[in-house]
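Inside the fold
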Amino acid sequence: MTEASEAAQADRTLKARHRAMWAQGDYPSVVSHVIPDLGARLVRECGVRQGDRVLDVAAGSGNAAIPAALAGADVVASDLTPELLEIGRHLAAVRGARLEWREADAEALPFADGEFDIVMSCVGVMFAPHHRPAAEEMLRVCRSGGTIGLVNWTPEGFVGRMFAAMKPFAPPSPPGVQPPPLWGDEEHVHELLGDAVTDVDARRETVRVDRFGEPSGFREFFKACYGPTIAVYRAVAGDADRVAALDAALDALAAEHTVDGVMEWEYLLLTAHRRG
């Protein structure tokens, strides 16, 4: 096997693992019960209008794609995980939204250059394992003058710190795989987009989370529903001490961020225009 074919096989294996990770648990419940308005926030910031051609990258079950369609846009929701797309189809039908659902790798999008007026991602593309190819693909399929819109969890915010807390319990990442919360670092995103964009507007905001009364409530919900958390618990399932230590780490983090039953999860909201 040649070096190129070995690299291609390694990438297929990695993407299959990512697909399986997001298919387990119940990520749509995380969206609907924990961050239900975050996608709509991105849609408003991108200025989605009637007739816009919109691509939602790593759309999951459509937390941004469905609001964009309801705003009158011509929307394609793309994601690596077909199980999430199927749930999205059902949710869209319930809400009366019409859009296209496409299985696609964020690092190799099956769309033409400049095909979309708006290319966005709401806590989705940040989980593509290789950041630069994903950023380059978002830029490639956005037309000149079009809008790039991103919502990503910050490294310093609750979700970024949750990934840091889980890291000592997780298997090592393959070479070249970058931490998802880096997409929430403004300097990192500026470096990824480079001079391909203008009019960059980046700000840190928070989403209010009042779903969990106690830290253990957060931990148990994410152990049951959130693919990355489920994967880490499975990695230590045979070691009771490690499971207890992971429980304690997540409980301590949740307690630190909870005031009167409410958490504030920080994210980076960034919009820019594709340079002509």
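Going by the structure above, here's the rest.
First things first, this report covers the structure right here in the doc. The shown structure was predicted, so the numbers you read here are calculated from the model rather than taken from an experiment.

Looking now at the packing of helix H9 (residues 215–225) against helix H11 (residues 240–256). Remark: H9 packs on H11, axes separated minimally by 8 Å, with the N-to-C direction vectors making an angle of 125°. By the angle between their axes, H9 is oblique relative to H11. In the crossing of H9 with H11, the sense of the turn from one axis to the other is right-handed. On H11, the residues that touch Pro215, Ser216, Phe218, Arg219 and Lys223 of H9 are Asp247, Leu250, Asp251, Ala254 and Ala255. Residue composition of the contact of H9 with H11, grouped by class: five nonpolar, one polar and four charged.

So, about the layout of surface pockets. It is a probe the size of a water molecule, rolled over the atoms, that shows where empty space is left. Empty space within the largest pocket amounts to approximately 890 Å³. Phe163, Ala170, Pro171, Ser173 and Pro180 are, among the 32 residues lining the largest pocket, the residues nearest its centre. Those elements giving two or more residues to the lining of the largest pocket turn out to be helix H1 (3–23), helix H7 (158–166) and helix H10 (227–235). Across the lining of the largest pocket, the residue classes tally to 24 nonpolar, five polar and three charged. Looking at the second largest pocket, its volume works out to about 220 Å³. Counting residues per element, the lining of the second largest pocket draws most heavily on helix H2 (residues 27–33), which supplies three residues. Considering only residue class, the lining of the second largest pocket consists of seven nonpolar, four polar and two charged.

Definitions and limits used
- Each chain has its residues counted from 1, following the order in which its sequence is written.
- Local features in this predicted model are restricted to residues of pLDDT 70 or higher, and side-chain atom pairs are both shown and tallied only at a pLDDT of 80 or more, whereas totals for entire chains, interfaces and linings draw on every residue.
- For side-chain calculations, the full set of non-hydrogen atoms in the structure is used, while hydrogens and water are omitted.
- With axes taken as lines fitted to C-alpha atoms, and helix axes fitted only over the stretch in contact, angles between N-to-C directions fall between 0 and 180 degrees.
- Secondary structure elements follow DSSP: runs of H or I of four or more residues count as helices, runs of E of two or more count as strands, with numbering from the N terminus.
- The cut-offs work like this: below 35 degrees is roughly parallel, past 145 is roughly antiparallel, 65 to 115 is roughly perpendicular, and the gaps in between are oblique.
- Here is the rule for handedness: rotate from the far helix to the near one, and if that takes an anticlockwise turn smaller than a right angle the crossing is left-handed, while a clockwise turn gives right-handed.
- Contact definition: two residues touch when any of their heavy atoms are within 4.5 Å.
- Residue polarity follows a fixed list, in which Ala, Val, Leu, Ile, Met, Phe, Trp, Tyr, Cys and Pro are nonpolar, Asp, Glu, Lys and Arg are charged, and the others, Gly among them, are polar.
- A 1.4 Å probe that fits but cannot get out identifies a cavity on a 1 Å grid over protein atoms alone, an open set with protein on both sides within 12 Å along at least five of seven lines counts as a pocket, and a residue lines either if it has an atom within 4 Å of a point.
- Grid points are joined across faces, edges and corners, and a volume is the space filled by probe spheres set on the points.

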